[in-house]
Amino acid sequence: MTRPGRRAGETGDAAPPAEARETSGATTGLLLGFVRRHAGEAAVEEVLRRAGVSLSAARLADPSTWTSYDTRIRLFTAATEVLGDPGVMFRVGAESLRTGLNPSVVVLVRALGSPRQVYARLPRAVANFSTTSTMEVLEAGATSATLRYRLHEGHVHSRLDCDYARGLISMVPTVFGLAPAHVVHDECESTGATACVYHLSWDRRSRRPWRRRAEAGADPELVALRSQVRALQSAATDLVDGEDLDTVLPRIVERAAAAVLAPAYLLAVSSPHGGAPLVHSAGLDPAEVPGLAARLLAGADLGPGAVVADVASARRSHGRLAALGRAASGGLGDERAMLAAYAGHAAAALDLVLALEAARAEARRAGALLDLAHGLAEAADVTGICETVVRALPSIVGCGSAGVLLWDPAGAVLRTAACEGLGPAQEAALRAASLRAADVPELFGMLTDREPRVITATGGSAPMRDLLAALDLTDVVALPLLAGTTFLGVVTASWAAGESADALDREVLTRLRGAGDQASTALQKARLLETVRHQATHDALTGLPNRVLFRDRLVDELAATRPGGHVAVLFCDLDRFKAVNDGLGHAAGDELLRQVSARLRAAVRPGDTIGRLSGDEFAVLVPRLSAAAGADAVVARVAGAFTEPFRLDGIPVDVGTSTGVAVHSGAADEPRAVAERLLREADAAMYRHKHRARPPASAPRAAD
């Protein structure tokens, strides 16, 4: 059974051991109600203790709670002992109309018109109370009937069960204002007979006409109708109290027993978010539920014991609800009308819950959009922006996963910058993918018309089908990110199989476009800021770090240097640079500086930093040296970069360099102070080198 939602104020039991669904809570509820009225609550607790039943009295009185036949007989035995009355089970059955028999049963009985009609149909209703026995009508006349009751194999018959049955069937005429039936029970399974046989007789008319008017207020039908109205009102209140579908749907199944008694119930409603229907059941083998639910929604016949009602309101049809009896049973009468009345309350509750969920969803989306705006305002770079967007998209759009892919115009390729909602393997596959416009028609189309695309696992191009298969996705909405007419990339909302196949509508695209517009603006600003930052920290002519950035990187490397490590700074000043400017012009001087920066990049290690500090002064940061002498190799490579002449306007020009070196060894307690000292010492060493002759491949080193 799907775990029902707990009602407000109800105390839940610890999960009891699973037992067979053989006896309805209508029976156990009658018994405990009788004990409570005649001996009090303490007697009820004593009955439960003696019977060894872990369920609470409230649970046992719930019509949706079914217990085993063995539990039923243990409760009957315990009640007989606690009350000290061997005939108490007959009294429990005989007082059933006044002690809590399901109101819908009383109403159905009265609607049949006469005791004869009730007894004729009684075997069909027995399965709604118990699944361990079979009842047959051997004879049914105007004032008499003979019934045979046989317990199924595997169960030990108890005389107490017969006493309860005798009391219950004797009260049928009282529903019609007649005296109780006289029951003769000479053949009983408990004494060795093959079946229990009940001979009943009753009067056609009441022998107490002078009392009928005085007892009109206690008319069983009126009492049952009032109780049924109260039950429906209670069910409606209980359902409306549910705050979400996870609470309301199981509660609908749980409370269906108040309308129609049956061994099993099945509810199937369409999902408000699309995809597979929502199914809840009680009393069914889980393996049977999917097939039965599909047949229920398709309107197929579920068998003669099924009572089915549409769960529909004036606004929408939600699905269907079924009470499932044994194949041979059909109930006492028009149970469908009873279930339909309850299903109407269930539909109203679903309308309310769906409206509340829609309002909550809109509030969540509004909050997510606001959070997205705040997050984008605080994001420091393109990576932060992309990650902020993908985190917000599932809440805004209602998708299962999301991604941002940025366009690389130089390589004409789209690459993943951030994604959300994918497993590790799927995320790795997406980040490894490079989408080229020449290979992916959907991307080529977006580059051409700047319009979004809906891509499915079956309708996309071959590259996209392969990618969606690798990502375990079935549907993707891809929206181009634009800054004016400039294509920045793509933002995607995606769904896996069964998540929300029906959600790819205009509303989804509208939400995605709203998030995409914010992302485009943020990316445009981020790239502008990156340009400004680059200009503030890089030399415009050569693209090399300027003095500010060079100093910051030097401080960072010094702070990261461990004991035993070394950091070197090289200062390079061009020889004869003024002669180039004066003789060939400033344009040639600028070209010389660009060529020098290119040769220096080729001469140093990948982790080294080259900076243009001013005019014709360059510096090289050489971190992570294993020995101070390691700087000599870098000096040699730098000197070698100037052995070949530079070509300026087709003219070969020899330009040399003066280089000074400063090395720091070990950790730096004050990285900024050490950095300033290294720069000064390297600069001083460079000037000493410039003013004295030296071999081309060596340079003076400042003392540390």
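Refer to the structure above for everything that follows.
Described in the following lines is the structure provided in the data block. The structure presented is a predicted model; accordingly, all values stated were derived computationally and were not measured. (Residues numbered from 1 in each chain as written. Predicted model: local features only at pLDDT ≥ 70, side-chain atom pairs only at ≥ 80, totals over all residues. Heavy atoms only, no water.)

Some details on the overall build of the chain
Here is step 1: The helix and strand tally for the chain stands at 23 helices and 21 strands.
Here is step 2: Taking all 704 residues of the chain together, 49% fall into the buried category.
Here is step 3: Here the contacts in the chain between residues at least 6 apart in sequence split such that 65% fall between residues at least 24 apart.
Here is step 4: For the chain, the accessible area works out to roughly 32400 Å², and carbon and sulfur atoms hold 53% of it. (Helix = DSSP H or I, 4+ residues; strand = E, 2+ residues; numbered from the N terminus. Buried < 20%, exposed > 50% of the residue type's maximum accessible area, 1.4 Å probe, protein only. Contact = heavy atoms within 4.5 Å. Areas by Shrake-Rupley, 256 points an atom, 1.4 Å probe, with all protein chains shown as cover.)

A word on the pairing of strand β4 (residues 196-201)
Here is step 1: Looking at chain direction, strand β2 (residues 144-151) and β4 are connected through six bridges and run antiparallel. Counted as the bridge partner of Ser144 is Ser201 from β4.
Here is step 2: Here strand β3 (residues 182-187) runs beside β4; their pairing, made up of four bridges, is antiparallel. Paired with His182 across the strands is Ser201, a residue of β4. (Pairing = 2+ DSSP bridges.)

Some words on unusual backbone geometry
Here is step 1: One non-glycine residue, Asp472, adopts positive backbone phi at about 60°.
Here is step 2: Position of Asp472 relative to the elements: it lies in the loop between α17 (462-471) and β13 (475-483).

A closer look at the side chain of Asp163
Here is step 1: Mapping Asp163 onto the fold places it in helix α8 (residues 159-170).
Here is step 2: In this structure, Asp163 is in contact with Pro86, Met89 and Phe90, ignoring residues within four places of it in sequence.

Let's talk about the packing of aromatic side chains
Here is step 1: All chains considered together, the criterion is met by four aromatic pairs.
Here is step 2: Geometrically, the ring pair formed by Phe76 and Tyr164 is tilted, given 5.5 Å between the ring centres and 45° between the ring planes. Placement of Phe76 in helix α4 (residues 69-83) and of Tyr164 in helix α8 is noted, with a sequence separation of 88 residues between them. Taken as a pair, Phe76 and Tyr164 share a single burial class, namely buried.
Here is step 3: When the ring of Tyr119 is compared with that of Trp202, the centres are 5.1 Å apart and the planes differ by 45°; the resulting orientation is tilted. With Tyr119 in helix α7 (residues 115-126) and Trp202 in the loop between β4 and α9 (209-212), the pair connects residues that are 83 residues apart, well separated along the chain.
Here is step 4: Relative accessible area serves as the criterion here: at 5%, Trp202 is assigned to the buried category.
Here is step 5: Against the face of Phe646 rests Arg599, its NZ or CZ located 3.7 Å from the ring centre. (Phe/Tyr/Trp six-rings, centres within 6.5 Å; stacked < 30°, edge-to-face > 60°. Lys NZ or Arg CZ within 6 Å of the ring centre and 35° of its normal.)

A word on the sheet that holds strand β7 (residues 306-312)
Here is step 1: Overall, antiparallel pairing links the four strands, which are arranged β6-β5-β8-β7 in an open sheet. Every other strand in the sheet has two partners, leaving β6 (278-282) and β7 as the edge strands with one partner each. Averaged over all neighbouring strand pairs, the angle between strand axes comes to 10°, with direction disregarded.
Here is step 2: As defined by bridge partners, strand β5 (residues 264-269) adjoins strand β8 (residues 317-324) across six bridges and the pair is classed as antiparallel. Note on β8: the bridge partner recorded for Val269 is Gly319. (Axes fitted to C-alpha atoms, helices over the stretch in contact; angles between N-to-C directions.)

Let's talk about helix α14 (residues 382-397)
Here is step 1: Taking 1.5 Å of rise per residue, the 16 residues of α14 would be expected to cover 22 Å, and the 22 Å separating its terminal C-alpha atoms lies within 8% of that figure.
Here is step 2: Its maximal kink placed at Arg391, α14 deviates by approximately 30°, while the proline Pro394 follows within four residues.
Here is step 3: Two residues or fewer past α14, Gly398 is found with a positive phi of approximately 90°. (Expected span 1.5 Å × (residues − 1). Bend = angle between axes of the 7 residues up to and from the residue.)

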